[in-house]
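Residue-level listing of the chains:
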Amino acid sequence: MFAPLQNDSFLRACLRQPTEHTPVWLMRQAGRYLPEYRATREKAGSFMGLATHVDFATEVTLQPLERFPLDAAILFSDILTVPDAMGLGLSFQQGEGPKFAKVVRDEAAVAALEVPDLDKLRYVFDAVTSIRRALNGRVPLIGFSGSPWTLACYMVEGGGSDDYRLVKSLMYARPDLMHRILDVNARAVAAYLNAQIEAGAQAVMVFDSWGGVLADGAFQEFSLRYSRQVLAAVKTEHEGVRIPRILFTKGGGLWLDEIADAGADVVGLDWTMNLGQARARVGNRVALQGNLDPNVLFAPPEAVRAQARAVLDSFGPPAAGSGHIFNLGHGISQFTPPDSVTALVDEVHSHSRRLRASL
């Protein structure tokens, strides 16, 4: 059904197998920093028009690969498709970010929550299959979802938040209701990721974007517990092929050891972490992904190259049983000059080859 894979360096690194260079991809690599993306979005009329249209979603997923020799593609979609399918009414206002028409803040709203009919997300799975075919084996395709906690933040707040006051108030006042939301979310996310794998995703990533806003103790109870539940239910293999799972918690460095034991093959790190120290802490339990500060990409090309080398040098030369996927510590900014990405990807590939040659 799909063409054989020509560049499997990303998948090999995820599984801590040797690679000729350190693979690189970027969170939000298909996005607003590319003029061709903005042109396609103009045609689509809206963000959701883009995400729900198979041809447009395929086109924008492939756009960064036409410019840069990246080692993986990531599905163009949004983490909030799952609560949208639960009937919360997702929309994107220009310059305001996502909004839900309905919020989940009381017993009645929580009781009404259920794992959505996956047919409502058919547009995502159709896009996965379309993208995988269009890639024609060039690089692997990553599917993804928000974590149960991160989805709950948006569902309770009704959109983004600066202080997470509403979701934390519910968590502390009515932990029973919060656990119910998170359990439904975990079952929905696992089913969603498994359907992406069946549609053609070759790796999947759980974005726990807001796990780091929790206090110690609350993180383990309300975030990590449910990421574990997802990872325990997501396929590790499809049609005889291993499917790596990545868990990324922004602001999660404090809990690195616990996150490394959550069941993922790869732990994503934000830019506040020292990569070498993280490698020493996790040993060969998991591969690591990250962790350049996205704002480095606003510096001149030589500074971008120097910072890329610093990340690679921090991880150190690859050794048996270790794995590193180069990425940013969070999503790429919409204001990033594309030429900076060119310099970054080139330096990651060339310097990581030099590191291997020196062994």
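Our subject is the structure that appears above.
Please read these numbers as outputs of a predicted model, since none were measured by experiment.

### Details of the environment of alanine 201
Step number 1: Mapped onto the elements, alanine 201 comes out in the loop between helix H10 (175-199) and strand E5 (203-208).
Step number 2: Setting aside chain neighbours within four positions, we find alanine 201 in contact with Val128, Leu141, Gly143, Gln196 and Ile243.

### Regarding the nonpolar core
Step number 1: In this structure, Phe10, Met178 and Leu344 are the most contacted members of the largest nonpolar core, which totals 130 residues.
Step number 2: In terms of residue count, the dominant contributor to this core is H10 (14 residues).
Step number 3: What phenylalanine 10 contacts, discounting residues up to four positions off in sequence, is Pro23, Trp25, Asp71, Ala72, Pro140, Ile142, Ala203, Ile246, Gln289 and Ile325.

### Describing the layout of surface pockets
Step number 1: Size it by volume and the largest pocket reaches roughly 1400 Å³.
Step number 2: Lining the largest pocket are 40 residues, and of these Arg28, Arg32, Phe47, Asp78 and Phe92 sit closest to its centre.
Step number 3: Of all elements in the fold, only helix H2 (35-44), strand E2 (90-93) and strand E3 (97-100) reach the threshold of two or more residues within the lining of the largest pocket.
Step number 4: No other element matches the four residues that H2 contributes to the lining of the largest pocket.
Step number 5: The class makeup of the residues in the lining of the largest pocket is 17 nonpolar, 15 polar and eight charged.
Step number 6: In this structure, the second largest pocket occupies an estimated 380 Å³ of space.
Step number 7: In terms of lining, the second largest pocket is formed by 20 residues, of which the most central are Arg132, Gln202, His238, Val241 and Ile243.
Step number 8: Elements represented by at least two residues in the lining of the second largest pocket include exactly helix H1 (9-14), helix H7 (122-135), H10 and strand E7 (241-242).
Step number 9: Looking at which element gives the most residues to the lining of the second largest pocket, the answer is H10, with three residues.
Step number 10: Split into classes, the residues belonging to the lining of the second largest pocket amount to nine nonpolar, five polar and six charged.

How each quantity is defined
Residues numbered from 1 in each chain as written. Predicted model: local features only at pLDDT ≥ 70, side-chain atom pairs only at ≥ 80, totals over all residues. Heavy atoms only, no water. Helix = DSSP H or I, 4+ residues; strand = E, 2+ residues; numbered from the N terminus. Contact = heavy atoms within 4.5 Å. Core = buried A, V, L, I, M, F, W, Y, C linked by side-chain atoms within 4.5 Å. Buried < 20%, exposed > 50% of the residue type's maximum accessible area, 1.4 Å probe, protein only. 1 Å grid on protein atoms, 1.4 Å probe; cavity = no way out; pocket = protein on both sides within 12 Å on 5 of 7 lines; lining within 4 Å. Points joined across faces, edges and corners; volume = space filled by probe spheres on them. Nonpolar A, V, L, I, M, F, W, Y, C, P; charged D, E, K, R; others polar.

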